[in-house]
Structure formats: C-alpha cells, structure tokens
Amino acid sequence: MELSPFMKSLGLKYPIFQGGMAWVADGKLAAAVSNAGGLGIIGAGNAPAEVVDKEIQIAKSLTDRPFGVNVMLLSPYAEEVVQTVLANKDKVAVVTTGAGNPGKYVDEFKKANIKVIPVVGSVALARMMERVGVDAVVAEGMESGGHIGKLTTMALVPQVVDAVSIPVIAAGGIGDGRGMAAAFMLGAQGVQMGTRFLVAAECKVHPNYKKAVLKAKDVSTMVTGDFAGHPSRVLKNKMAQKFVKLEKAEAAKEHPDYTQVEELGNGSLQRAVIDGDTETGSFMAGEISGMVKKQQPAAEILLEVYTQADKLLNGEH
Ligand code: TUI
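Everything numeric here is computed off the predicted structure, so don't read it as measured data.

## Quick look at the site of the ligand
At step 1: Taken together, 13 residues form the shell around the ligand, and within it Ala99, Gly100, Val119, Glu140 and His147 come nearest.
At step 2: Within the backbone of Ala99, one N or O atom sits 3.0 Å away from a nitrogen atom of the ligand.
At step 3: Measuring from a nitrogen atom of the ligand, one finds a backbone N or O atom of His147 at 2.9 Å.
At step 4: The protein chains hide 71% of the 710 Å² of surface that the ligand would expose on its own.
At step 5: A class-by-class count of the residues in the shell around the ligand yields six nonpolar, six polar and one charged.

## As for unusual backbone geometry
At step 1: One non-glycine residue, Ala99, lies in the positive phi region at around 65°.
At step 2: The residue Ala99 is located in the loop between β4 (94–98) and α5 (106–111) in this model.
At step 3: Although it is not a glycine, Asn113 adopts a positive phi angle of roughly 65°.
At step 4: By the secondary structure assignment, Asn113 is in the loop between α5 and β5 (115–120).

## Here we look at the confidence of the model for the protein
At step 1: Counting all residues, the mean pLDDT for the protein is 97, and 100% of those residues have values of 70 or more.
At step 2: By mean pLDDT, the top-scoring element of the protein is strand β8 (residues 168–171) (99), and the lowest-scoring one is helix α12 (residues 259–265) (90).

## Some words on the packing of aromatic side chains
At step 1: This model, assessed by the stated rule, comprises two aromatic pairs.
At step 2: Ring geometry for Tyr14 and Tyr306: centres 4.8 Å apart, planes at 45°, overall tilted. With a gap of 292 residues between them, Tyr14 in the loop between α1 (5–9) and β1 (16–18) and Tyr306 in helix α14 (residues 298–313) connect regions that are remote in the sequence.

## Thoughts on the pairing of β4
At step 1: In terms of residue burial, β4 counts as a mostly covered element, since five of its five residues are buried.
At step 2: What you see with β4 is no split at all: Val94, Thr96 and Gly98 on one side and Val95 and Thr97 on the other are buried throughout.
At step 3: Bridge count for strand β3 (residues 67–72) against β4 is five bridges, and the pairing is parallel. When the sheet's bridge partners are listed, Met72 is paired in β4 with Gly98.
At step 4: On the question of chirality, the crossover connecting β3 to the parallel β4 by way of helix α4 (residues 78–87) is right-handed.
At step 5: Across four bridges, the pairing between β4 and β5 is parallel. The residue bridging Thr97 from the neighbouring strand is Pro118, located in β5.

## Some words on the nonpolar core
At step 1: Residues Ile16, Phe109, Val160, Met180, Phe197 and Tyr209 are the most contacted members of the largest nonpolar core, which totals 81 residues.
At step 2: For this core, the two domains that each supply at least three residues are domain 1 (5–201 + 293–313) and domain 2 (217–284).
At step 3: Setting aside residues up to four positions removed in sequence, Val160 forms contacts with Ser122, Val123, Ala126, Val137, Ala139 and Val168.
At step 4: Among the nonpolar cores identified, the runner-up in size contains 15 residues, and Phe6, Val94, Ile117 and Ile169 belong to it.

Cut-offs used in this document
- Residues numbered from 1 in each chain as written.
- Predicted model: local features only at pLDDT ≥ 70, side-chain atom pairs only at ≥ 80, totals over all residues.
- Heavy atoms only, no water.
- Near = heavy atom within 4 Å.
- Polar contact = N/O pair within 3.5 Å; in protein donor to acceptor, adjacent residues only side chain to side chain.
- Areas by Shrake-Rupley, 256 points an atom, 1.4 Å probe, with all protein chains shown as cover.
- Nonpolar A, V, L, I, M, F, W, Y, C, P; charged D, E, K, R; others polar.
- Helix = DSSP H or I, 4+ residues; strand = E, 2+ residues; numbered from the N terminus.
- pLDDT = per-residue confidence, 0-100.
- Phe/Tyr/Trp six-rings, centres within 6.5 Å; stacked < 30°, edge-to-face > 60°.
- Buried < 20%, exposed > 50% of the residue type's maximum accessible area, 1.4 Å probe, protein only.
- Pairing = 2+ DSSP bridges.
- Right-handed = clockwise from strand over helix to strand, strands pointing away.
- Core = buried A, V, L, I, M, F, W, Y, C linked by side-chain atoms within 4.5 Å.
- Domains from an automatic or database assignment.
- Contact = heavy atoms within 4.5 Å.

Spelled out as structure tokens, the structure:
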C-alpha cells in the first residue's frame, strides 16, 4: 500500500492513528504507537492543562517520532489545553479534536505549524472545517466507542470524501486489516482505531476494562445519553442500563431536566478506567469489541492490521 503524500508528510510508516481516548490515551501509549510507526495521540479528555502538559513531556521523553494531542471540546479546560499544546509546538505534530467545532482555534494551530485534524460525524461539519483551513478530517461513524454522531462509517466516509478535497481518515468500527482495507476502498487515506488499542500492552486501563473488552460479543455495546444530548457508546452493564432508564423516564416528562442523569454519569469513565468498577463505571468501547481477542503490544497491533490490509488491497486473501 502506497502512503498518501499527507500521511508521508506526517512522517508515518503506517497510516494508522490511535484514537485520543479520554482518561485512557496517555503519553506512554501514544509514544508506543508512534515508535511503532503509527500516530500516537494523547487524549486530553476532561483533564486540566497541567496534566496534559505532563503527558506531552512523557511522550516526548519516550519517542522522537511525531505524536498528537486530542482536545475534547466539551471539556471545561479545552481553552487552557489548547494554550498548553501551543506552548509545546516543538513537540506536538498534530491536534485532533472531538465533540465539537474547533473553528476558533484553527488559525492559532496553523500558525504554530501544528496540523489540525478535527473529528467529524457529518458532511456539514467536514465542509465547514475545510473552509476554515484544517489539514484533514477524521470521519467517525457511530460504531465508535465514546461520544458518537448519527451516521455509520460505511455511509459517512464516502460522503465526506466526495464533499471535501482534504484527506479523510476513517474511524468507527475498524478493528483489523479488513476494516482498514474497506476504509481505503471508501476513499480514506488512513484509519483511526481506539478500541483495539484499549487492550494494548502499553495501555494503562484497569485490567477489568481489558477483560470486559476481551469478553465482549457483537451485541455487547449500547448507546447512553441519546436523550440527554451526548450519545456515548459503552459496554452494556448495570450503570449503562440505569442511565438509559433514567433518561428515558426524564424524556417522557413535559419538562425534562437531565441534571440528575448527568450527575449519574459524572466520573463514570474514570471509575471504569482507573478503578475498574464494573458496576458504576462507563466502559466506553466500540462495536468491534467483539473482534478484540487478545492483548498485544501496540507495535504488534499496527503490524498485524497493516499487513492484513495491505494483502487485501493487493487482491491477496
Ligand atoms: O469525541 C469523540 N469521542 C469521545 S469524546 C469523549 S469524552 C466525553 N464523555 C462524555 C460525554 C461527552 C464526551 C469520549 N469519546 N469522538 C469524536 C466525535 N466528535 N464524535 C462526534 C463528534 C462531534 C459531535 C458533535 C463533533 C462535532 C459535533 O458538533 C459540532 C458542532 O457543530 O458543534
């Protein structure tokens, strides 16, 4: 498989991004992925700037290869995280964004020579992003874990590819080389994977989180927060079921108030990632969880996915 000029310009060996998962994707995981030839991405999530800064320094101490930071735009710290990334412009090659419109930050990143690659879930946002001058977009389908849009990867990616002339990276539902090859057939120049890296040897999530992904089946995920306004795909458990029950009850009221529902969700990702609390934690994971069968070093995941995709794209089976 020939790398596109854009992927070459990022200095990658494999056109594979590791999703910037909140609470999960730290400097160590990002460095492991970047060292192996993919693009490692630190997930800022809801963390304050100093925490993100620390992870940037850790990644920098572990790799000389390019890595990125994901800015989660719903975070109360988004603004200060942006400033921290700008202050580390000699270290951070790429910024991806999630859960919002990063339009107001694009100029600053570009001036700092940081490539900006927003995650989009619709053609409209992809078009708007191209207009403000971003370098590429990640088109993410609702097969993904965590916060999701409404379209599937299969439908979204080719429509975004047709709508913009900047490079498109596909995400959502990609867990192996077959998914990667399919994404290329849809016009993507690269893929982003999150769930598969949850079980990477270098990934810090609690062993219970890894176990939950490894034992998941095709139907093991569900979407919470659809009514409350921030749909998130998670592994089914007591917490997820309670959340949906509460928000449905609220939605049936004449004047729904989702404050209590949101409170139930507060800290639940942290409880999953750090404490491995299977009862009250939110185990964000994508629909491909059922395909994730073993823990592996990040380098092995990259090589396996790329080699399989390369064979398929060359017509070998
Ligand atoms: O952002 C993600 N995935 C995430 S963020 C996250 S942390 C979180 N936890 C609980 C609630 C909310 C966030 C966990 N997983 N993926 C990228 C993504 N972005 N998916 C969907 C979107 C998106 C949604 C709406 C992008 C833009 C948007 O609106 C844009 C606008 O016009 O305002």
